[in-house]
Amino acid sequence: MKFVCVFSLFIIVCSCNTTPSQVNLSANEKVAIDSIASIYGGNISYYKGVTLIGNDKNSHFFQINLDESSVLPDFNEFKYLPPSNIASIFYSLISQKEKEEYNKYKISVNYAGDLKEYEYSREKLSTIVNCAQKTKFIIKLLKDENYSILKSSINIHPLFKFDLDILLRGIKRVNENYGQIKNSTITGFTFHNVEDHDFNFIKIYGFFEREKQNNLFSIFIDPKTKNVFKIEYEW
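The following refers to the structure shown.

### Re the environment of K230
On the secondary structure map, K230 appears in strand β10 (residues 228-233). With sequence-adjacent residues up to four places away left out, K230 is seen in contact with I154, F160, F162, S218, I219 and F220.

### Structural notes on the packing of aromatic side chains
Scanning the entire structure with this criterion turns up 21 aromatic pairs. On the numbers, 6.4 Å between centres and 85° between planes, the contact of F78 with Y80 is edge-to-face. Residues F208 and F217 carry aromatic rings whose centres are separated by 4.4 Å and whose planes lie at 25° to one another, so their mutual orientation is stacked. Each member of the pair F208 and F217 is classed as buried. The rings of Y46, F62, F90, Y91, Y102 and Y105 are connected pair by pair, giving a single aromatic cluster. Above the ring of Y91, the side-chain terminus of K99 is found at 4.9 Å from the ring centroid. The ring of F220 carries K230 above its face, with NZ or CZ at 5.2 Å from the centroid.

### Observations concerning helix α2 (residues 27-40)
Its 14 residues place the ends of α2 20 Å apart at the C-alpha level, agreeing with the 20 Å of an ideal helix rising 1.5 Å per residue. Within α2, burial applies to E29, A32, I33, I36 and Y40. One side of α2 carries all its buried residues, which in axial view fall inside an arc of 95°. Every exposed residue of α2 that faces more than 90 degrees away from the buried side is listed here: A27 and S38. Where α2 is buried, its residues touch β3 (43-51), β4 (60-67), α3 (81-93) and β7 (181-194).

### A short note on the environment of H157
Looking at the element boundaries, H157 is found in the loop between α7 (147-153) and α8 (164-178). Considering only alpha carbons, one finds H157 and L125, 32 residues apart in sequence, at a separation of 24 Å. In this structure, H157 is in contact with F199 and F229, ignoring residues within four places of it in sequence.

### Some words on the sheet that holds β10
Pairing is antiparallel across the open sheet formed by four strands, whose spatial order is β7-β8-β9-β10. Looking at which strands have only one partner, the edges of the open sheet turn out to be β7 and β10. Recorded for the sheet is a direction-independent mean angle of 20° between the axes of neighbouring strands. Examined bridge by bridge, strand β9 (residues 215-221) and β10 share five bridges and lie antiparallel to one another. When the sheet's bridge partners are listed, S218 is paired in β10 with E232.

### Observations regarding the pattern of salt bridges
Close approach of charged atoms lets side chains of opposite charge pair. Counting across every chain of the model gives 11 salt bridges. One salt bridge connects D144 with K140, and the closest N-O pair in it is separated by 2.6 Å. Taken together, the residues D144 and K140, both in helix α6 (residues 132-144) and four residues apart, mark about one turn of the helix. K230 serves as the salt-bridge partner of E232, at 3.6 Å between the closest nitrogen and oxygen. Given a relative accessible area of 19%, K230 falls into the buried group. Among the charged side chains, a network of salt bridges with common partners joins D56, K104, K106 and E119.

### Some details on the nonpolar core
Within the largest apolar cluster, 48 residues are counted, with the highest numbers of intra-cluster contacts made by F90, L150 and Y233. Residue contributions to this core peak at six residues, all from α8. Among the nonpolar cores identified, the runner-up in size contains five residues, and F160, F199, F201 and F229 belong to it.

### Some words on the side chain of S153
Inspection of the secondary structure assignment puts S153 in helix α7. For S153, a relative accessible area of 11% corresponds to the buried category. Separated by 2.7 Å, the side chain of S153 and the backbone oxygen of I149 make a polar contact. Ignoring sequence-local partners within four residues, the contact set of S153 consists of F137, I138, L141 and V228.

About the cut-offs
- Residues numbered from 1 in each chain as written.
- Predicted model: local features only at pLDDT ≥ 70, side-chain atom pairs only at ≥ 80, totals over all residues.
- Heavy atoms only, no water.
- Helix = DSSP H or I, 4+ residues; strand = E, 2+ residues; numbered from the N terminus.
- Contact = heavy atoms within 4.5 Å.
- Phe/Tyr/Trp six-rings, centres within 6.5 Å; stacked < 30°, edge-to-face > 60°.
- Buried < 20%, exposed > 50% of the residue type's maximum accessible area, 1.4 Å probe, protein only.
- Lys NZ or Arg CZ within 6 Å of the ring centre and 35° of its normal.
- Expected span 1.5 Å × (residues − 1).
- Arc of directions from axis to C-beta.
- Pairing = 2+ DSSP bridges.
- Axes fitted to C-alpha atoms, helices over the stretch in contact; angles between N-to-C directions.
- Salt bridge = Lys/Arg side-chain N within 4 Å of Asp/Glu carboxyl O.
- Core = buried A, V, L, I, M, F, W, Y, C linked by side-chain atoms within 4.5 Å.
- Polar contact = N/O pair within 3.5 Å; in protein donor to acceptor, adjacent residues only side chain to side chain.

Here it is, written out as structure tokens:
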């Protein structure tokens, strides 16, 4: 995922690339910010801006900055996940009219002095939201241990062949060793493109909270068909 290091809001403003505006949050935007704060804690700031030059001239964006979060060290090896999750949470909780106000959503995250900025287009976040129902469906099947429906719900893609029976045996073994699933949490997403085959897909990341030991999972989704074609499971 492409990211750009930024050093301070002062640099952004003085570069003449963007101009921030007075932030007056709508009721939905406030709910979204509060939801993000409840998950990540730390210090959250935000502003609205307009790009003044370049290819994105006159593009409106909403930026969220996260600092001093006690949750972030858990993602030091996966720094792209919290920003993507923050962006999708915000986008999913605002109204359709508000979604159309912004072309991009910028997330600035401070990993103990390693400050990075990630950018997500409205189109990509819309795609994530549109795949949310299928993601929830697969997660429910895993929680309910409904393996027959789960097996029939995975449409293996020719580019990503794997043994579905081995996966199901592994999932059953995790349930036996780690205990029943108590809760699930989505931690973020990434977009991927297999250029040689003109195939795009989304990888949704998360973990299951269990009675004995938690485990990670990821779900691969074709955004065009909403088909789930692969599941990765930690065991």
